[in-house]
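Here are the chains, one letter per residue:
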There are 2 protein chains.
Amino acid sequence: MTEIAGGQLLRTQGVTAPAGFRAAGITAGIKANGKSDLALVFNEGPELAAAGVFTANKVKAAPVLWSQQVLTTGRLRAVVLNSGGANACTGAPGFQDAHKTAEQVAASLSDWGTETGAIEVAVCSTGLIGDRLPMDKVLAGVTAIVHELAGGISGGTDAAHAVMTTDTVPKQVALHHGGKWKVGGMAKGAGMLAPSLATMLCVLTTDAVATAEQLDEALRHATRMTFDRLDVDGAASTNDTVLLLSSGASNVAPSQDELNAAVLAVCDDLAEQMMADAEGVTKRVRVTVNGAASEQDALIAARGVARDSLVKTALFGSDPNWGRVLAAVGIAPITLDPDRIAVSFNGNPVCIDGVGAPGAREVDLSGGDIDLTIELGVGEHTASIRTTDLSHGYVEENSAYSS
Amino acid sequence: MTEIAGGQLLRTQGVTAPAGFRAAGITAGIKANGKSDLALVFNEGPELAAAGVFTANKVKAAPVLWSQQVLTTGRLRAVVLNSGGANACTGAPGFQDAHKTAEQVAASLSDWGTETGAIEVAVCSTGLIGDRLPMDKVLAGVTAIVHELAGGISGGTDAAHAVMTTDTVPKQVALHHGGKWKVGGMAKGAGMLAPSLATMLCVLTTDAVATAEQLDEALRHATRMTFDRLDVDGAASTNDTVLLLSSGASNVAPSQDELNAAVLAVCDDLAEQMMADAEGVTKRVRVTVNGAASEQDALIAARGVARDSLVKTALFGSDPNWGRVLAAVGIAPITLDPDRIAVSFNGNPVCIDGVGAPGAREVDLSGGDIDLTIELGVGEHTASIRTTDLSHGYVEENSAYSS
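Residues numbered from 1 in each chain as written. Chains lettered and ligands numbered in written order. Predicted model: local features only at pLDDT ≥ 70, side-chain atom pairs only at ≥ 80, totals over all residues. Heavy atoms only, no water.

For chain A, the name recorded in an unreviewed UniProt entry is Arginine biosynthesis bifunctional protein ArgJ, with Rhodococcus xishaensis as its organism. Recorded in UniProt for chain A, the comment headed Subunit (unreviewed entry) runs: "Heterotetramer of two alpha and two beta chains." According to its UniProt record, chain A has this under Sequence similarities (unreviewed entry): "Belongs to the ArgJ family." (UniProt positions renumbered as here; feature names shortened; annotations may be inferred.)

Structural data, given as structure tokens:
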């Protein structure tokens, strides 16, 4: 339990921590390995305000195209998520599949007693790009999962399990804000994690009273500072989706600043969990650039270092190879004075004024957490990127994914 | 032997194939492993015209700063090259070391009978970034190597050996242009290979009669089409240097077009050799983008795919995972219609109009050469990037380089 943003973070809870939400996760048979693969998050209301942020990739999966359309209303009753297939690059038939899934969710919820339209249902998919989903299993699963919707904590945890692909652990967290209102969240993402949101699905819930516009502001602020700054392999997905739903069930209307802070805290914690469980990770790395001419410059430099294969392989080898850091910074299109750059690993200076520091080659990087800080000395701005090393495990996991 | 650009390419010869050049490679003791590590290329004239292209990295090694200054004269008498240390990020003392090396080469050549100034001597270094060179060994080596300068082929081959770092084979080639004039070249480069020339050193020689301006045009044209389009790991070096020296000894003055074509052919062959010997390479990959709105768009898209860790690991696993190719293309900042993209591996269509083609998952990529072609269908422009897969070998080689 961590004290943050005026509240407490608990990783034992997720999307069903806030009042007014139910969720479930089941095995629908979409995954060949028999693990759970279908999740539903349901907003009981009384309010249905929602906001979403989606991948910047021009190649967008069918569920992204569908959910973007749905979100123009600023309202969501439910989110259905599947692992075991991305439904990306599947053309018009794939879009029809996403549409049919939403219709089936709406029909099942209506049968169950809550009148729902397909336009109130967002769809998220994750898995291999390029294959159609087994729609018979998806639709049967949707009919079944409505009956599994549980209040309480377990429904959220089941849902968090059902969206996992190469994730080894489910990722969820809830922020209890002074016992009065809450923000909960679940996420998946382990590879294809990069700038425009990382390859990830994330559903956030809150029982705060808030308009769609307020949710949108809080969500954009939070994703910009967290998921957008998580970069495992520079690869941006076709399916990235982050949704924020509010039920208003707490009857508390926090200020925009309070809402921003709470959503940011939940997203930050989920981003930390995703970094820690990234494909092949053996080092959790935070690259911080200080003294930049602008925040954008700091971000570009930090991302450049975080993506550099030679820096990442050196970190895998626990090698304090600061020269590769300088080479990566030097090619970044930013304001730079090579003779002012300083670098430190875990607080140990390895480069000062662009030249090696005494003892630089002996810095011990054998631990699992590496703090790589770069001081540019040309301004006052700063930014951080979370990343990981480039390991044999990453190569292994990604060299035989589809076959 | 290959017929090209009006001549014949021979990989058994290099910088000493053109008349008027001598070269040598020796063990000066800079490398700890006792392999040869110092090379000298010497232009006997009668002409001394030269041109150079250098890394775009803002963090430039001392020898780059020195050689850029020297090249402003458009003249070169000699190039001294060392492996075993990059002399990068070594500050003012490192620059003094590069300067002293050039002075020692000039003094030794003058003693040997050819009056030479330090301003006529370019310096190139490659190896670990951040350490000073062992100058006692470098200077003693420079004194000794002048006496080893050999005409004929062996001197060039010895020089090509002496610049190797993680290269497993020396890289050289000579173009015999109708028996009348020649272009020779040698290069090193296996990792930290990327856009702004790839991390590489390359010395090209010709006995054609040409001005420094003509050489400069030929060199810029050739590097733009070859070394700039070789991208092993997206990492740009602090030491990239490509030099072109002419002796005029053939008394033949080719047209600019003939010179351009010959220099291009030699650079293209050396780039091919560098791709084939890249760190950890198990697949030699050519990514071609056709149908782009501009050549720049084609290049950006091809480079994006060539750098994508998920595409590269899939290719290592012989996995025709075309969805990752679409995800990589989709994030490129170019004109794009997702529904028009087609992809083929070695001529086998795997994606048509943005959707998987029948049999796409069964394409056999077990061979060592992969031709990955992407048709955007939005214009008439094309570009290719040479790259490699991302293998366990690459991770292994780069996770324990400095330690």
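Student: Before we go on, may I ask you to explain the overall build of chain A in this structure?
Tutor: A count of helices and strands for chain A gives 10 helices and 17 strands. Taking 403 residues into account, the globule formula puts the C-alpha radius of gyration at 22 Å, and chain A, at 22 Å, falls close to it. For the C-alpha atoms alone, the extent of chain A along its principal axes is close to 70 × 50 × 35 Å. For chain A, the proportion of its 403 residues judged to be buried stands at 62%. As displayed, chain A offers around 13000 Å² of accessible surface, 51% of which is attributable to carbon and sulfur atoms. (Helix = DSSP H or I, 4+ residues; strand = E, 2+ residues; numbered from the N terminus. Rg over C-alpha atoms; globule rule 2.2 N^0.38 Å. Buried < 20%, exposed > 50% of the residue type's maximum accessible area, 1.4 Å probe, protein only. Areas by Shrake-Rupley, 256 points an atom, 1.4 Å probe, with all protein chains shown as cover.)

Student: How do you make sense of the UniProt feature "binding site: substrate" (unreviewed entry) in chain A when you look at a structure like this?
Tutor: Residues and elements named next belong to chain A. Look at the UniProt record and you will see "binding site: substrate" (unreviewed entry) annotated at Thr165, Lys188, Thr199, Glu279, Asn398 and Ser403. Tracing the sequence through the fold places Glu279 in the loop between α6 (256-276) and β12 (284-292). Here Glu279 falls in the buried class, since its relative accessible area comes to 6%.

Student: Help me understand the pattern of salt bridges in this model?
Tutor: Two side chains that carry opposite charge are able to pair once their charged atoms sit near each other. Residue and element names in this part refer to chain B. Under the definition given, this model contains 27 salt bridges over all chains. When the shortest N-O distance is used, the salt bridge between Arg22 and Glu44 registers 2.6 Å. Of this pair, Arg22 sits in strand β3 (residues 21-26) while Glu44 sits in the loop between β4 (38-43) and β5 (50-54), and the two are 22 residues apart along the sequence. Taken together, the shared-partner salt bridges in this structure form one network comprising Asp268, Glu272, Arg286 and Arg386. (Salt bridge = Lys/Arg side-chain N within 4 Å of Asp/Glu carboxyl O.)

Student: Just to check I follow, could you spell out the environment of Gly280 of chain B for this structure?
Tutor: Residue and element names in this part refer to chain B. Examined against the element boundaries, Gly280 turns out to sit in the loop between α6 (256-276) and β12 (284-292). By relative accessible area, Gly280 is classed as buried at 17%. The sequence separation of Gly280 and Glu396 amounts to 116 residues, and the corresponding C-alpha distance is 8.1 Å. Not counting chain neighbours up to four residues away, the residues in contact with Gly280 comprise Asp389, Ser391, Gly393, Tyr394 and Glu397. (Contact = heavy atoms within 4.5 Å.)

Student: It is not clear to me how the relation of the copies chain B and chain A should be interpreted in this structure. Could you clarify?
Tutor: There are two copies of the chain, and a rotation about an axis plus a shift along that axis relates them. Mapping chain B onto chain A leaves a residual RMSD of 0.0 Å; the transformation is a rotation of 180 degrees accompanied by 0.0 Å of translation along its axis. Here the copies are linked by what is in effect a two-fold axis. Measuring from the rotation axis to each C-alpha of chain B, the shortest distance belongs to His392 of chain B, at 2.9 Å. When the interface residues of chain B are mapped onto chain A, 100% of them are again interface residues, pointing to one common binding face. (Least-squares fit on C-alpha atoms with pLDDT ≥ 70 in both.)

Student: Please explain the interface of chain B and chain A as it appears in this structure.
Tutor: The figure often quoted for interface size is the accessible area lost as the parts come together. In this assembly, 54 residues from chain B lie in contact with 54 residues from chain A. Sorting the residues of chain B by area buried against chain A places Lys58, Leu310 and His392 of chain B first, and these three jointly supply 14% of that buried surface. There are two salt bridges connecting chain B and chain A. Our count for the contact surface shared by chain B and chain A stands at 15 residue pairs in polar contact (both at pLDDT 80 or more). Those elements that place two or more of their residues in the side of chain B that touches chain A are α8 (309-316), α9 (322-330), β15 (355-356) and α10 (392-398) of chain B. For the side of chain B that touches chain A, the leading source of residues is α9 of chain B, giving six residues. Its residues assigned to classes, the side of chain B that touches chain A shows 26 nonpolar, 20 polar and eight charged. (Buried area = accessible area lost by both parts, 1.4 Å probe. Polar contact = N/O pair within 3.5 Å; in protein donor to acceptor, adjacent residues only side chain to side chain. Nonpolar A, V, L, I, M, F, W, Y, C, P; charged D, E, K, R; others polar.)

Student: It is not clear to me how the side chain of Ser67 of chain A should be interpreted in this structure. Could you clarify?
Tutor: Residue and element names in this part refer to chain A. Position of Ser67 relative to the elements: it lies in helix α1 (residues 62-71). Only 2.8 Å separates the side chain of Ser67 from the backbone oxygen of Val123, close enough to count as a polar contact. Beyond its immediate stretch of four places on either side in the chain, Ser67 contacts Phe54, Ala122 and Val123.

Student: What should I look at first to understand the sheet that holds strand β7 (residues 121-126) of chain B in this one?
Tutor: Backbone hydrogen bonds hold the strands of a sheet together, and the pairing may be parallel or antiparallel. Residues and elements named next belong to chain B. If you trace the four strands from one edge of the open sheet to the other, you get β3-β4-β6-β7, paired in mixed fashion. At either margin of the open sheet sits one strand with a lone partner, and together these are β3 and β7. On average, adjacent strands in this sheet sit at an angle of 10 degrees to one another, irrespective of strand direction. Strand direction decides the pairing type here: β3 and β4, joined by six bridges, are antiparallel. The residue of β4 that forms the bridge with Ile26 is Leu38. Of the strands in this sheet, β3, β4, β6 (78-83) and β7 touch helix α2 (residues 91-112), which is tilted by about 130 degrees from β7. Seen against the sheet, helix α3 (residues 135-145) touches β3, β4 and β6 and runs at an angle of roughly 45 degrees to β4. (Pairing = 2+ DSSP bridges. Axes fitted to C-alpha atoms, helices over the stretch in contact; angles between N-to-C directions.)

Student: So what exactly am I meant to see when it comes to the packing of α8 of chain B against α9 of chain B here?
Tutor: Any two packed helices are characterised by how steeply their axes cross, that is the angle between the axes, and by the distance between the axes. Residues and elements named next belong to chain B. Two elements in contact, α8 and α9, have axes whose closest approach is 9 Å; the angle formed by their N-to-C orientations is 160 degrees. By the angle class used here, α8 and α9 are roughly antiparallel. The two elements α8 and α9 cross, and the hand of that crossing is left-handed. Contact residues: α8 offers Leu310, Val311, Thr313 and Ala314, while α9 offers Arg324, Val325 and Ala328. Residues belonging to the contact of α8 with α9 are distributed by class as follows: five nonpolar, one polar and one charged. (Parallel < 35°, antiparallel > 145°, perpendicular 65-115°, else oblique. Left-handed = near helix turned anticlockwise from the far one by under 90°.)

Student: So what exactly am I meant to see when it comes to the packing of helix α1 (residues 62-71) of chain B against α2 of chain B here?
Tutor: Residue and element names in this part refer to chain B. Closest axis-to-axis distance for the α1/α2 pair is 8 Å, and the angle between their directions is 55 degrees. Accordingly, the angle class assigned to the pair α1 and α2 is oblique. Between α1 and α2 lies a crossing of right-handed hand. Of α2, the residues touching α1 (which contributes Ala62, Pro63, Leu65, Trp66 and Gln69) are Gly94, Phe95, Ala98, His99 and Ala102. Taken together, the residues that form the contact of α1 with α2 break down as seven nonpolar, three polar and no charged.

Student: Just to check I follow, could you spell out the sheet that holds strand β13 (residues 342-345) of chain A for this structure?
Tutor: All names here are of chain A. Taken together, six strands build an open sheet; the order of strands is β15-β14-β13-β16-β12-β17 and the sheet is mixed. Across the chains shown, the open sheet's two edge strands, defined by having one partner strand only, are β15 (355-356) and β17 (381-388). Across two bridges, the pairing between strand β14 (residues 348-352) and β15 is antiparallel. Considered in β15, the bridge of Cys351 is made with Gly356.

Student: What should I look at first to understand the domain arrangement of chain A in this one?
Tutor: Residues and elements named next belong to chain A. Looking at chain A, the domain boundaries give domain 1 (2-276) and domain 2 (284-398). The distance between the C-alpha centroids of domain 1 and domain 2 comes to 33 Å. Residue-level contacts link 17 residues of domain 1 with 17 residues of domain 2. Both sides together, the interface formed by domain 1 and domain 2 hides about 1400 Å², and carbon and sulfur atoms give 45% of it. Counting every contact that joins domain 1 to domain 2 gives three salt bridges. For the salt bridge of Asp268 with Arg386, the shortest nitrogen-to-oxygen distance reads 3.1 Å. Taken together, the connections running from domain 1 to domain 2 amount to two residue pairs in polar contact (both at pLDDT 80 or more). Counting only elements with at least two residues in the side of domain 1 that touches domain 2, the list comes to α5 (212-225) and α6. In terms of residue count, α6 provides more of the side of domain 1 that touches domain 2 than any other element does, five residues in total. Here the side of domain 1 that touches domain 2 is composed, by residue class, of eight nonpolar, two polar and seven charged. (Domains from an automatic or database assignment.)

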